[in-house]
Structure formats: C-alpha cells, structure tokens
Amino acid sequence: MYSEKVMDHFMNPRNVGEIENASGVGTVGNAKCGDIMKVYLQIEDGIIKDAKFKTFGCGAAVATSSMATELVIGKTIEEALKITNKSVAEALDGLPPVKMHCSLLAEESLHAALWDYAKKNNITIEGLKEPVADVHDHDHHDHDHEEGSGCC
Ligand code: FES
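Quantities reported herein were computed from a predicted structural model and do not represent experimental measurements. (Residues numbered from 1 in each chain as written. Predicted model: local features only at pLDDT ≥ 70, side-chain atom pairs only at ≥ 80, totals over all residues. Heavy atoms only, no water.)

**What about the nonpolar core?**
Side chains of a nonpolar character, in soluble globular proteins, are inclined to be buried together.
Then, number 1: Core analysis: the largest hydrophobic core is formed by 38 residues, its most contacted members being Val39, Leu41, Ile43, Ile48, Val72, Leu114 and Ile125.
Then, number 2: Listing elements by their share of this core, those giving two or more residues are β2 (35–44), β3 (47–56), α2 (59–72), α3 (77–81), α4 (85–91) and α5 (100–120).
Then, number 3: Here this core takes 10 residues from α5, the largest share from any one element.
Then, number 4: Excluding residues within four positions of it along the chain, Val39 makes contact with Gly24, Val25, Gly26, Lys52, Phe53, Ser109, Leu110 and Ala113. (Core = buried A, V, L, I, M, F, W, Y, C linked by side-chain atoms within 4.5 Å. Buried < 20%, exposed > 50% of the residue type's maximum accessible area, 1.4 Å probe, protein only. Helix = DSSP H or I, 4+ residues; strand = E, 2+ residues; numbered from the N terminus. Contact = heavy atoms within 4.5 Å.)

Following this line, the structure appears as structure tokens:
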C-alpha cells in the first residue's frame, strides 16, 4: 500500500523537533481524524535555512511532514510556496488515494509557518493565503478528501 520512500520517512522521519526562536511557526490540524502538525522555519535573507516538525498523526502525515521539511530547506520563500501536497506526495513516490488528504497538513502547516513569519516581520508574501486551522474544512484546490475516505 505504501511506497518504500513513505515507509522510510515514516520509520526514520527527518527534521523532527523544534527550532528555538523560529522565524515562523505554523500549526494545523484535521478535526476529522484529530491529527495535528506543527512546523518551525528558520528564515535568513529570504532563504529557509532550517525546518523542523512535530506531527501527532498517522504514518502518511509523519512521512509527508518529513518530506516537506526536506524539500523546503534551502529554498527561497517563493520556491517554498510552490510546494504543494501533490509535490510532497510525488516526492514520496505517491500516496494511496485515501491518504492524500493527510499530505494537506504538510502543505498547510508550511504555509501557516510562512504566514507567521510574514506577520512577525510585517511583510506580505505574494500568493500566500491566510492559513486555516483545520484543513478538513478547507476548500482546497487539490482537495482529495471525500467523506468516509478513511482517516485512521
Ligand atoms: Fe489524519 Fe492522516 S492526517 S489520517
């Protein structure tokens, strides 16, 4: 059911933890399954120098947050904004369709951390929308979640 990459990132997640005095912190949850993801970003001169996460959630949520932090480190803010739940899932060699919604947590928590960074620095990041606290209610363009799609 899961690719080797998903299993690897689930068993050995990268960048677990928190960043003290992070430039931006984002927390989102999915009220339906109760899973929560928190992302910390360290941003210097417009570049994401470091990213860490804590996920209280299913294996797909852990694997996607691990991969999302890997993808975002070293990127500019503009590049980071292009990371979507689909690109994270692709980098993991795919997710089962019923688990695609889990990857939304990774995208949304990343965006929430960038939003927090922008707020703290009193800047506007073009193309960044105000994050939602609950991805389940969010009408997302890549929304793959359907009723009864099998949260853990
Ligand atoms: Fe809730 Fe995966 S994020 S089941």
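**Let's talk about the packing of helix α1 (residues 4–11) against α2**
Then, number 1: One way to put it is that α1 packs onto α2 with a least axis distance of 8 Å and a crossing angle of 90°. Considered as vectors, α1 and α2 are oriented roughly perpendicular to each other. Every residue of α2 that contacts α1 at Val6, His9 and Phe10 is listed here: Gly59, Val62, Ala63, Ser66, Met67 and Glu70. (Axes fitted to C-alpha atoms, helices over the stretch in contact; angles between N-to-C directions. Parallel < 35°, antiparallel > 145°, perpendicular 65-115°, else oblique.)

**A look at the pairing of strand β1 (residues 24–30)**
Successive residues of a regular strand alternate their side chains across the two faces of the sheet.
Then, number 1: Within β1, five of the seven residues are buried, which leaves the element mostly enclosed by the surrounding structure.
Then, number 2: One ladder, built from seven bridges, connects β1 with β2; its direction is antiparallel. Following the sheet pairing, Gly24 is matched in β2 by Leu41.
Then, number 3: Two successive antiparallel strands, β1 and β2, enclose a turn made up of four residues, where Gly34 displays a positive phi of approximately 80°. (Pairing = 2+ DSSP bridges.)

**Remarks on the sheet that holds β3**
Then, number 1: Ordered in space as β1-β2-β3, the three strands form an open sheet in which the pairing is antiparallel. Only two strands of the sheet have a single partner each, and these edge strands are β1 and β3. Each neighbouring strand pair of the sheet contributes to a mean axis angle of 15°, computed without reference to strand direction.
Then, number 2: Taken together, the nine bridges between β2 and β3 define a ladder with antiparallel strand orientation. The residue of β3 that forms the bridge with Ile36 is Phe56.
Then, number 3: The strands touched by α2 are β2 and β3; relative to β3, the strand with the most contacts, the crossing angle is about 175°.
Then, number 4: Against the sheet, α5 touches β1, β2 and β3, its axis set at about 145° to β1.

**Some points on the UniProt feature "domain: NIF system FeS cluster assembly NifU N-terminal" (unreviewed entry) in the protein**
Then, number 1: Cross-referencing UniProt, the feature "domain: NIF system FeS cluster assembly NifU N-terminal" (unreviewed entry) maps to residues 1–122 in the present numbering.
Then, number 2: What you have in residues 1–122 is 45% helix and 22% strand, and the ends, taken at the C-alpha atoms, are 44 Å apart. (UniProt positions renumbered as here; feature names shortened; annotations may be inferred.)

**Comments concerning α2**
Then, number 1: Given a rise of 1.5 Å per residue, 14 residues ought to cover 20 Å, and the 20 Å separating the end C-alpha atoms of α2 matches this to within 8%.
Then, number 2: All of the buried residues along α2 are Ala60, Ala61, Val62, Ala63, Thr64, Ser65, Ser66, Met67, Ala68, Thr69 and Val72.
Then, number 3: Residues of α2 that are buried sit in contact with α1, β2, β3, α3, α4 and α5.
Then, number 4: One or two positions beyond α2, positive phi appears at Gly74, with a value near 90°. (Expected span 1.5 Å × (residues − 1).)

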